[in-house]
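# Results of the structural survey
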Amino acid sequence: MKPTLSKTPLLAFNTKGIYCEVAGVYLDPWKPVDKAIISHGHADHSRWGHKEYITHHTNVPIIKHRLGDINVTGKKYGEIFTINNVKFSLHPAGHIIGSSQIRVEHKGEVWVFTGDYKIENDGVSTPYEPVKCHTFITECTFGLPAFKWIPQEEVFADINSWWSTNKDEGKTSILFGYSLGKAQRLLKYLDPDIGKIYTHGAIENMTNVLRPMVDFPDTKLITRDTKKQELLGNIVLAPPSSHGSSWIRKMVPYVTASASGWMTFRGARRRRAIDKGFVLSDHCDWQGLLQAIKTTGAEKIISTHGYTDIFSRYLREQGYDARTENTQYEGEPSEIESSKESEVVE
């Protein structure tokens, strides 16, 4: 039996974020608010300045590391907490460690806000969990049929083979990945039998926050005292923002690679002056998005960031009540990271 839907949307988009007026709560707001429920730790979704934060308990140390001394409460997956008679709960999004979908229920009506998500189990974050709802708010960062991921096992085999070849040629391998999420996913599957794994300071610091939750290979921080001879044949994990910096130039001879969904397009690698591209994303591909939507049973779909117009038009052709909303979420940006994540240790 369908609920009697209110004329006033359960969740509304305004200049501060996604607002639940009945509860007086925002979801991933981009401007300071009194109470915010946060889907995950990336800078575009968890911003500084809110009076109260609610998030998954594994995301608490992440956002404290990024935002400092904040008033934050951690919740378990599936734990229901009620605010002004509105039921909220967090469910695995599979995007990065601590990432959540936010379920909102009031008078039988259910909305789900995904934040960012992927349905492939990466072996690092808690796997994505489909959540039944009436309205589904989804990203569509890679909402084009051209985006089709291959299994991550094949990607990591290629990465380790690339590293091994570079080692045989006496070169340092520099692999770019975002400091929170992508870097740890890469680290988890690098083969330490090939050589040592060195890290940029931003990645080392974030990885140390996450080590109590995940069994990662050993890493070695690059410092001012690190000699380039030490790096030859080994691999360096670095944030994209360090590409072209003096920090990188000291590592000659080296070979660079980037792990990103944007590596689907050959031009992306060329524009960024990257030697090698590995297609690996912490977001859904085209089929992943469609599969996720189907499993929710939702009739109303709201696309928030990515190829929103194209994706929503396709969904309408398939019979969904689909529309778009403007937000300040970035999806998988090419070079954007927070200033704290982008610090270069010379």
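Because the structure is predicted, anything quoted here is derived from the model rather than measured.

## Observations regarding the confidence of the model for the protein chain
- For the protein chain, the average pLDDT comes to 93, and 93% of its residues sit at 70 or higher.
- Confidence drops under pLDDT 50 across residues 334-346; counting only partners more than four residues distant or on other chains, this segment forms 40 contacts.

## Examining the sheet that holds strand β5 (residues 52-56)
- A sheet is described by the order of its strands in space; here six strands give the open sequence β1-β2-β3-β4-β5-β6, paired in mixed fashion. What marks the edges here is a single partner per strand, and that holds for β1 (12-13) and β6 (72-75).
- Two strands pair when backbone bridges link them, and strand β4 (residues 35-37) and β5 are joined in this way by three bridges, in the parallel orientation. Across the sheet, the residue bridging to I37 is I54, located in β5.

## Examining the environment of A292
- Turning to its location among the elements, A292 is positioned in helix α8 (residues 286-296).
- By relative accessible area, which is 1% here, A292 ends up buried.
- A C-alpha to C-alpha distance of 9.1 Å links A292 and V131, two positions 161 residues apart in sequence.
- Those residues within four positions of A292 in sequence are excluded, and the remaining contacts are Y117, I119 and Y128.

## A word on helix α9 (residues 308-317)
- Among the residues of α9, T308, F311, S312 and L315 are the ones counted as buried. The buried residues of α9 all sit within an arc of 95° when viewed along its axis, so they share a single face. In α9, the exposed positions angled more than 90 degrees off the buried face are occupied by D309 and E317.
- Buried residues along α9 sit in contact with β11 (135-140), α8, β18 (300-306) and β19 (321-324).
- Backbone geometry just after α9 places G319 at a positive phi near 100°.

## Some thoughts on the pairing of β6
- Here β5 pairs with β6 via four bridges, running parallel. Note on β6: the bridge partner recorded for H56 is K75.
- Handedness of the β-α-β unit built from β5, helix α1 (residues 60-67) and β6 comes out right-handed.

## Structural notes on the sheet that holds β11
- Taken in spatial order, the seven strands make up an open sheet running β7-β8-β9-β10-β11-β18-β19, and their pairing is mixed. Lying at the two open borders of the sheet, with one neighbouring strand each, are β7 (81-83) and β19. For this sheet, the mean angle separating the axes of adjacent strands, direction not counted, is 25°.
- By the bridge criterion, three bridges tie strand β10 (residues 109-113) to β11 in an arrangement that is parallel. Bridging across to β11, W111 finds its partner in T135.

## Quick notes on the environment of N205
- On the secondary structure map, N205 appears in helix α4 (residues 201-210).
- Between the alpha carbons of N205 and A93 there is a distance of 24 Å; along the sequence they are 112 residues apart.

## Describing the side chain of Q101
- Within the secondary structure, Q101 sits in strand β9 (residues 100-106).
- A relative accessible area of 0% places Q101 in the buried class.
- Reaching out from Q101, the side chain makes a polar contact with the backbone oxygen of P92 at a distance of 2.8 Å.
- Within the structure, the side chain of Q101 is placed 2.8 Å from the backbone oxygen of E129, a separation counted as a polar contact.
- Dropping the residues within four chain positions of it, Q101 is found in contact with S89, L90, H91, P92, A93, V112, F113, T114, Y128, E129, V131 and F136.

What counts, and where the lines are drawn
Residues numbered from 1 in each chain as written. Predicted model: local features only at pLDDT ≥ 70, side-chain atom pairs only at ≥ 80, totals over all residues. Heavy atoms only, no water. pLDDT = per-residue confidence, 0-100. Contact = heavy atoms within 4.5 Å. Pairing = 2+ DSSP bridges. Helix = DSSP H or I, 4+ residues; strand = E, 2+ residues; numbered from the N terminus. Buried < 20%, exposed > 50% of the residue type's maximum accessible area, 1.4 Å probe, protein only. Arc of directions from axis to C-beta. Right-handed = clockwise from strand over helix to strand, strands pointing away. Axes fitted to C-alpha atoms, helices over the stretch in contact; angles between N-to-C directions. Polar contact = N/O pair within 3.5 Å; in protein donor to acceptor, adjacent residues only side chain to side chain.

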